[in-house]
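# Report on the structure
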Amino acid sequence: MSGNEWLIIGMIGGFLGMMMIGIPVAISLAVSGFVAGYLGFGPMLFNLMPARLYGVVTNYTLMAVPLFVFMGVMLEKSRVAENMLETIGKAMGGVNGGMGLAIILVGVLMGASTGIVGATVVTVGLLTLPSLLRRGYAPSVACGTICASGTLGQIIPPSLVLILLSDIVGESVGTLFAAAFIPGLVLAVIYVAYLLILGKIKPEWMPAIPAEERAEVTGKQLAKDLLRDVCPPLFLVVAVLGSIVGGVAAPTEAASMGALGALAIALAFKRLNWKLVKEALHGTLTISAMVFFILLCAQPFSLAFRGLGGDQMVHHMFEMLPGGELGALLFLMALLFVLGFFLEWIEISYIALPMFLPVFMNYGTDMVWLSILVAMNLQMSFLTPPFGWALFFLKGVAPPGVTTRDIYVGALPFVLLQFAAVVVLFQFPSLVTWLPEAIGW
Amino acid sequence: MKTAINAIEWLVEAMGGLARLVVLALVLLVATDVILRYLFSIGPVAMQELEWHLISPIALIGLSYTMKHRADVRVDFLYERFNWRLKAFVDLVAALLTLSVAVIITYLSLAYVQQSFRMGEGSPDPGGLPMRYLLKAFIPLGFGLLSLQGLAESLRSLLVLCGKLPPDTSNETTDQTSTAEEVA
Amino acid sequence: AASQETFNFKMTNAYPPGAPFYVQGPGSPMDFCEKVKVMSGGRINIQHFAAGELIPAMEGFNAVAAGTVEMNAANAYFWAGQIPAAQYFTTVPFGMSTQGMNAWLYHGGGLELWHEIYAEHGLIAFPMGNTGVQMTGWFREPLESVDDLKGLKMRIPGLAGKVYSELGVNPVLLPGGEIFPALERGVIDAAEFVGPYQDRRLGLHKAAKYYYTTGWGEPTNVTELLINKNVWDSLPADQQAIIKAAAAACVTESFSWCEAVNADAMTDLVENEGVIAQPLPASIVSRLQEVTADTLETMAAADPLTGKVHKSFMEFRKKHASWAALSEKPFLNLF
Ligand code: NA
Ligand code: NA
């Protein structure tokens, strides 16, 4: 191995080490990137740094982060989210994991309105984690469910990953959106099945609302509660998704309808006052900046990875590969998964895809199917410990007492489920290709 | 030293107060733009550009504010098992590293802003916003504030290590759920 | 004798990885890098980076001026925020055809002006590609008169957007990836992008059926090769000649490639996708033309450099128009 390759390994190791002893994740990323980059090629490449940082903080689609977080914090502070989950839990009767199922539903609906993982994980976590814990859910199960549901937005259109992939593979955005729809739902169904089964095996990890407490509310009262508690959040879903589907707002701006809707709900419940708004703004600022802190500090890291020839390293590995379409596909999947341990998905797409695509074009591989496989795989990397970003983002909003270990342990089963979903898509490409053909996109 | 810490944190809190208002402005602006366009087909280019201009102050001024409120992400695998002295030591290292990273980025970005200023860079879109260097200036401003906060945290960890300040028991938690008094 | 010194340069690009014409394919920036490498016998190696790989899309100008990277591929009008006159080196509404534009740039004083203006910023630029004529864009409803433009929400950036807005259009700024969902759902009523080949790739025909053709807004579109002036001056004469020749070759190749693939794509769109392709009604075109003239005059009066380029451009345009009226125009009218 060359000196630079050692430096890359040292950089990744240094990041891991600093992160593990409790240095903030963002700072660990930046320090390891700066040090390895400086040793590798001196100060030159870092002159690119300001432009990269500027690119992050002026990225139009990242506007969805503060907007959605504001919606989430408002709902949390005005206790609307809490009431909703409680009521759904009661309505689910004796089904263990009922509230968990509600969270997957929330993840699907939020995923259908944005493609930013940071925004969904943080919002879903904020809204639901405290209630789940209070209701006696095992922290790891609660965290895993939230991270998995929150990353569904990566694959359920609209999705940033798909938009970038459409450019790289030369398929239209619409085709990829249509293609991703069924796989996204398949994934959600797999999650639901998992929670139901887990609820049967380990009821103590995800208890239903106790029967006595349920008995206290009559059927009539429950119906009233449902109307009162579930309608406001549903109203937000209609505000966000409805404004996209109804042609009022483009995907990113639609988040503002949710934010405005959350203000309206607080007003309707007579909870809107300056103190509440101030708290919500404080929460939105700290949480959004937490997400941006990581995104910004990832810039020196990925720049150093590229500058040190990390992409060449990947290239060499590829050249040693045995032939065949299947071999290449498996290698690509494995590579995306491994790179996902320490690189941001945009960087992975830039490094791995342009290099592989000509190969698959020669094989005549269906590019739409390939794109969805890639997107699913990238989504999986968001969930994979130790570097999955969804895990960091959830940690950022988790209440005291929820440890990194809980989040890691909880995410692992979902990584396996994701893997199963990739295998299913691999075996049944028509799950991907059917819808775009059927609706003519 | 305590005075210095307090002065820095007062500044970070004051700037954070501005950034909080920017969050509110962003919410209202984007919603207004959507509604005006849908109902009346109006939407000046400058107002549309202003939307993504507001991300910068939130993201960059927010950095130091987030650090002050300990809302940045840490992996607490080992940290939670450390004793107070080791915790304070890790905090000191983290704060010094933050200080160095922030100083480097502030330094790197000054020339970048100067270049934009010299050219009088504005929006390429007719009707767009002028003075793009002001937008770019949030990079050194945000990381400059982060350097100061890093300095404050370094000093505090030092004081804790020397036994001049009690260890912060809320260390391992974040405080998004801070009380209104703190926010006000 | 040829210099034996070798050079390693980085070229950034304002367009995303994989984009045909803008990044890869015949006469594209990546093709340019390859051509230069072969022609120089490996003495000039240019490593190409698509948008976002090293720096964000629109930061190329600043990065090359600062010397952080040596070259950038984009369109000059992206730098209108730094140099308003740069607009003219890509295209202006109702400006010139590709033939006229090339004639002005290479033999009408255009390139000299471009160099003169960029030299102040430590830069030099050459044409390195051309999309040919672009299209007016995709509309969900047909247009009949100027009144139909009132209140129309259209994704249209830049100078053309400014002109449209004078006629009551609401120009909407959207990132590339959101054009399709927005047009499909009717958030916007119309969208301008490039030409049939690129637009079909984005799937815009699945969102709107009325395709107004001849793009008065962008009658030609020049790709800019931007080079740091110090780097350029340090190159020996033979290597400079290689870069110039490769860039000029890319202009011809990319333009002729676009003509070929656009012809196919347009046929496919009309015959297989049910797209209704037609030019804008004459009444709308003439109103747009009037407004454009005013807009350009105002711009030219506001900034001396822009005024200077405007004058050169318009004088050449007039001269070339009378020639084209007797040469190309009667011939094209045969079809
Ligand atoms: Na999504
Ligand atoms: Na165009």
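Up top you'll find the structure we're talking about.
Keep in mind that what you see is a predicted model, and the values were worked out from it rather than measured. Note on numbering: residues in each chain are counted from 1, in written sequence order. Labels are handed out in written order, letters beginning with A for the chains and numbers beginning with 1 for the ligands. With the structure being a predicted model, the display of local features is reserved for residues of pLDDT at least 70 and the display and counting of side-chain atom pairs for 80 or more, all residues being used for whole-chain, interface and lining totals. Only heavy atoms go into the side-chain values, all of them from the structure, while hydrogens and water stay out.

Next up on the list: the sheet that holds strand 2 (residues 44–49) of chain C. All names here are of chain C. Strand pairing is defined by DSSP finding a minimum of two bridges between the two strands. Helix and strand definitions here come from DSSP, where helices need a minimum of 4 consecutive H or I residues and strands a minimum of 2 consecutive E residues; each element is numbered from the N-terminal end. Read across the open sheet, the five strands follow the order 2-1-3-10-4; overall the sheet is mixed. Each edge of the open sheet is held by one strand with a lone partner, namely strand 2 and strand 4 (123–130). If you compare each strand with its neighbour and ignore which way they point, the axes differ by 25 degrees on average. Bridge count between strand 1 (residues 7–13) and strand 3 (residues 71–74): three bridges; the pairing is parallel. Following the sheet pairing, Asn13 is matched in strand 3 by Ala73. Note on contacts: a residue pair is in contact if any heavy atoms of the two residues lie within 4.5 Å. Fitting a line to C-alpha atoms yields each axis, with helices limited to the stretch in contact; the angle taken between N-to-C directions then spans 0 to 180 degrees. Against the sheet, helix 4 (residues 110–119) makes contact with strand 4 and strand 10 (222–228), and its axis sits at roughly 140 degrees relative to strand 4, the strand it touches most. Helix-sheet contacts for helix 9 (residues 237–272) involve strand 1, strand 2, strand 3, strand 4 and strand 10, and the interaxial angle to strand 4 is about 30 degrees.

Across the contact, 64 residues belong to chain B and 67 residues belong to chain A. By convention, the term buried area covers the 1.4 Å-probe accessible surface removed from two parts as they join, with the contributions of both added. Counting each side, the surface lost to burial between chain B and chain A is near 5900 Å², with a carbon and sulfur contribution of 77%. Whenever Lys or Arg places a side-chain nitrogen within 4 Å of a carboxyl oxygen from Asp or Glu, that contact is recorded as a salt bridge. Our count for the contact surface shared by chain B and chain A stands at two salt bridges. Its salt-bridge partner being Lys395 of chain A, residue Asp76 of chain B comes within 3.3 Å of it at the nearest N-O pair. In protein, a polar contact requires one atom able to donate a hydrogen and another able to accept it; more generally it is a pair of N or O atoms within 3.5 Å, and residues adjacent in sequence count only if both atoms are side-chain atoms. The interface formed by chain B and chain A holds nine residue pairs in polar contact (both at pLDDT 80 or more) in total. Of all the secondary structure elements, the ones that give two or more residues to the side of chain B that touches chain A are helix 1 (2–40), helix 2 (45–53), helix 3 (55–68), helix 4 (84–119), helix 5 (132–136), helix 6 (138–161) and helix 7 (180–183) of chain B. Per-element accounting of the side of chain B that touches chain A gives the leading share, 14 residues, to helix 1 of chain B. The class makeup of the residues in the side of chain B that touches chain A is 41 nonpolar, 12 polar and 11 charged. Note on residue categories: nonpolar means Ala, Val, Leu, Ile, Met, Phe, Trp, Tyr, Cys or Pro, charged means Asp, Glu, Lys or Arg, and polar means any other residue, Gly included.

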